[in-house]
Amino acid sequence: MILVTGGAGFIGANFVLDWLAQGDEPVLNLDKLTYAGNRENLASLDGDARHTFVHGDIGDSALVADLLARHQPRAVINFAAESHVDRSIHGPEAFIQTNVVGTLRLLEAVRAYWGGLNADAQAAFRFLHVSTDEVYGSLAPTDPAFTEDHVFEPNSPYSASKAASDHLVRAWHHTYGLPVLTTNCSNNYGPYHFPEKLIPLMIVNALAGKPLPIYGDGQQVRDWLYVKDHCSAIRRVLEAGRVGETYNVGGWNEKPNLDIVHTVCGLLDELRPRADGQSYSGQITYVKDRPGHDRRYAIDARKLERELGWKPAETFDTGIRKTVQWYLANPEWVAHVQSGAYRDWVQTQYAGASA
Ligand SMILES: NC(=O)c1ccc[n+]([C@@H]2O[C@H](COP(=O)([O-])OP(=O)(O)OC[C@H]3O[C@@H](n4cnc5c(N)ncnc54)[C@H](O)[C@@H]3O)[C@@H](O)[C@H]2O)c1
């Protein structure tokens, strides 16, 4: 089996669902269920014996050691993180606690477990750390895209904490021989994305007749990766990545935020037109930019293609259409997230139980 951390969040939940759609290897899913963790993302797995959910913290060394000893995973995939940049600006400490201290404790628990495996199991074991392109800093408009050799220049408390975790993972390989892999990916989008992030926020605000807030001039450029393509990249790196290596994962879709919002509005105009016949783009409003807002990120994903033969399956046009369609088809999920009802699960279902 594999141990996934943060598997109730946006990417982790998509990964768990995809993993179990592709095969039958069981998943042990450890998630603290912060505001970003949503058990409803995994509702389709209720009663599925291949999925075991554990409510807990990657920083709880005793819990992680116990889970590793009892379930004997062949791999750990670490998605767990505080991940929202705006929140890191208002409250950086939680980011250091989970992304740095939590990763340290997870690495230490995994190292102890791995050290006790027999030689074959040790050689086959993998610790895959999921990270971000934001560790590389910001690019000027004509700079080449980030390769894996780009220096780390994190600019937000979030990206600084992720950069620190990447360094720890690297060091645990070089110092202790732990068989690690790291992936640094660009902005993901797709189903189950928390609606405070750009694309889902624009969809739900547009439908609710609310303003579509654009930071600054809206010309911040990001590379957009459909979340299921990210999941397939992680599976491929886990399967065939060279131990100790870092792989950038990107969608080859560099777009300014304002273009993204116009694309979303155009799709909604087509799929769910406004009652007054006007375009949703009329709801766009400009708001004060985020402090230290990086201007451009771009991922060079050629190493992953060259070495492991991975390429994204979706273009931006196909991926964004699927995303908008998913939000239109799942209004209950959106309503539960917005009302906070998804948090009730934590109160009603769990009192610190473990698997
Ligand atoms: N979303 C993106 O576009 C993006 C881009 C690049 C990298 N990443 C990275 O991918 C990973 C997943 O991102 P996401 O967008 O799914 O994030 P998310 O915020 O949606 O989910 C994070 C999950 O981790 C859980 N969690 C938080 N702290 C925990 C802890 N201490 N112990 C156990 N679980 C904990 C949360 O409950 C949540 O379920 C993160 O490491 C993030 O840095 C995300």
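Here the structure is a predicted model, which is why all the values come from computation and not from measurement.

1. Focus on the overall build of the protein chain
- What the protein chain contains, in helices and strands, is 13 helices and 12 strands.
- The C-alpha radius of gyration of the protein chain comes to 20 Å, within 12% of the 20 Å expected for a compact globule of 355 residues.
- Overall size of the protein chain, expressed as C-alpha extent along the three principal axes, is 65 × 50 × 35 Å.
- Residues classed as buried in the protein chain amount to 53% of the 355 residues present.
- Of the contacts formed within the protein chain by residues at least 6 apart in sequence, a portion of 81% connects residues at least 24 apart.
- Of the roughly 14,700 Å² of accessible surface on the protein chain, 51% is carried by carbon and sulfur atoms.

2. Some remarks on the sheet that holds strand β4 (residues 75-78)
- Strand order across the open sheet formed by seven strands is β3-β2-β1-β4-β5-β6-β10, with parallel pairing between neighbours. Because the sheet does not close on itself, it has two edges, and the strands there are β3 (51-55) and β10 (246-249). Neighbour-to-neighbour, the strand axes of this sheet turn through a mean angle of 20 degrees, independent of strand direction.
- Taken together, the four bridges between β4 and strand β5 (residues 126-132) define a ladder with parallel strand orientation.

3. A look at helix α4 (residues 93-115)
- Here α4 contains 23 residues, and its C-alpha end-to-end distance of 31 Å stays within 8% of the 33 Å for a straight helix at 1.5 Å per residue.
- Roughly 30 degrees is the biggest bend found in α4, and it falls at Gly 102.
- Taken together, the buried positions of α4 are Phe 95, Thr 98, Asn 99, Val 100, Gly 102, Thr 103, Leu 106, Leu 107, Ala 109, Val 110, Tyr 113 and Trp 114.

4. A word on the UniProt feature "domain: NAD(P)-binding" (unreviewed entry) in the protein chain
- Those places that UniProt annotates as "domain: NAD(P)-binding" (unreviewed entry) correspond, in this numbering, to residues 3-323.
- Within the segment residues 3-323, helix and strand shares are 41% and 17% respectively, and the terminal C-alpha atoms sit 27 Å apart.

5. As for the nonpolar core
- Counting 67 residues, the largest nonpolar core has Phe 15 and Ile 77 as its most contacted members.
- Ranked by the residues each element gives to this core, the list is headed by helix α1 (residues 10-22), at eight residues.
- If we skip the residues at most four places from it in the chain, Ile 77 touches Ile 2, Leu 3, Val 4, Thr 5, Phe 15, Leu 128, Val 130, Ile 234 and Leu 238.

6. Thoughts on the pattern of salt bridges
- Applying the stated criterion to the full structure yields 22 salt bridges.
- Residues Asp 66 and Arg 70 are paired through a salt bridge, measuring 3.0 Å at the closest nitrogen-oxygen approach. Placement of the pair is Asp 66 and Arg 70 together in helix α2 (residues 61-71), with a separation of four residues, close to one helical turn.
- Assessed through its relative accessible area of 33%, Asp 66 is described here as partly exposed.

7. Observations regarding helix α8 (residues 227-240)
- Across its 14 residues, α8 extends 20 Å between first and last C-alpha, which sits within 8% of the 20 Å expected from 1.5 Å per residue.
- When you tally the buried positions in α8, you get 10 out of 14 residues, the bulk of the element.
- All of the buried residues in α8 are Val 227, Asp 229, His 230, Cys 231, Ser 232, Ala 233, Ile 234, Arg 235, Val 237 and Leu 238.

8. Concerning the side chain of Gln 283
- Mapped onto the elements, Gln 283 comes out in the loop between α9 (257-271) and β12 (284-287).
- When neighbours within four sequence positions are excluded, Gln 283 is seen to be in contact with Asn 205, Ala 206, Gly 209, Lys 210, Pro 211, Leu 212 and Arg 274.

9. Focus on the sheet that holds strand β7 (residues 187-189)
- Across the sheet, which stays open at both edges, the three strands sit in the order β7-β9-β11 with mixed pairing between neighbours. Unpaired on one side and paired on the other, β7 and β11 (254-256) mark the two borders of the sheet. Direction aside, neighbouring strands of the sheet carry axes that sit 50 degrees apart on average.
- The sheet contacts of α8 involve β7 and β9 (221-226), and relative to β9 the element is tilted by about 70 degrees.

10. Brief notes about the environment of Val 261
- Tracing the sequence through the fold places Val 261 in helix α9.
- According to the relative accessible area criterion, Val 261 is buried, its value standing at 1%.
- Val 261 sits 46 residues away from Tyr 215 along the chain, and the two C-alpha atoms are 12 Å apart.
- When near neighbours in sequence (up to four residues on either side) are disregarded, Val 261 contacts Leu 198, Met 202, Leu 212, Ile 214 and Ile 284.

11. A few points about the pairing of β9
- In terms of burial, β9 is largely enclosed, as six of its six residues are buried.
- Taking every second residue as pointing to the same face, both faces of β9 are buried, with Val 221, Asp 223 and Leu 225 on one and Arg 222, Trp 224 and Tyr 226 on the other.
- Across three bridges, β7 lies against β9 in parallel orientation. Bridging across to β9, Asn 187 finds its partner in Trp 224.
- Judged from the three bridges that link them, β9 and β11 form a sheet pairing that is antiparallel.

12. A closer look at the site of the ligand
- As a matter of local geometry, the ligand sits amid 29 residues, with Ile 11, Asp 31, Ser 83, Tyr 158 and Lys 162 nearest to it.
- Phe 79 is positioned such that a nitrogen or oxygen atom in its backbone is 3.1 Å from an oxygen atom of the ligand.
- Between the ligand and Val 130, the relevant distance is 3.5 Å, taken from an oxygen atom to a main-chain nitrogen or oxygen of the residue.
- Taking 830 Å² as the accessible area of the ligand by itself, protein coverage stands at 97%.
- At the level of elements, α1, β5, α6 (157-176) and β7 are the ones that each hand at least two residues to the shell around the ligand.
- The element best represented in the shell around the ligand is β5, accounting for three residues.
- Among the residues making up the shell around the ligand, the classes are represented as 12 nonpolar, 13 polar and four charged.

What counts and what doesn't
- Residues numbered from 1 in each chain as written.
- Predicted model: local features only at pLDDT ≥ 70, side-chain atom pairs only at ≥ 80, totals over all residues.
- Heavy atoms only, no water.
- Helix = DSSP H or I, 4+ residues; strand = E, 2+ residues; numbered from the N terminus.
- Rg over C-alpha atoms; globule rule 2.2 N^0.38 Å.
- Buried < 20%, exposed > 50% of the residue type's maximum accessible area, 1.4 Å probe, protein only.
- Contact = heavy atoms within 4.5 Å.
- Areas by Shrake-Rupley, 256 points an atom, 1.4 Å probe, with all protein chains shown as cover.
- Pairing = 2+ DSSP bridges.
- Axes fitted to C-alpha atoms, helices over the stretch in contact; angles between N-to-C directions.
- Expected span 1.5 Å × (residues − 1).
- Bend = angle between axes of the 7 residues up to and from the residue.
- UniProt positions renumbered as here; feature names shortened; annotations may be inferred.
- Core = buried A, V, L, I, M, F, W, Y, C linked by side-chain atoms within 4.5 Å.
- Salt bridge = Lys/Arg side-chain N within 4 Å of Asp/Glu carboxyl O.
- Near = heavy atom within 4 Å.
- Polar contact = N/O pair within 3.5 Å; in protein donor to acceptor, adjacent residues only side chain to side chain.
- Nonpolar A, V, L, I, M, F, W, Y, C, P; charged D, E, K, R; others polar.

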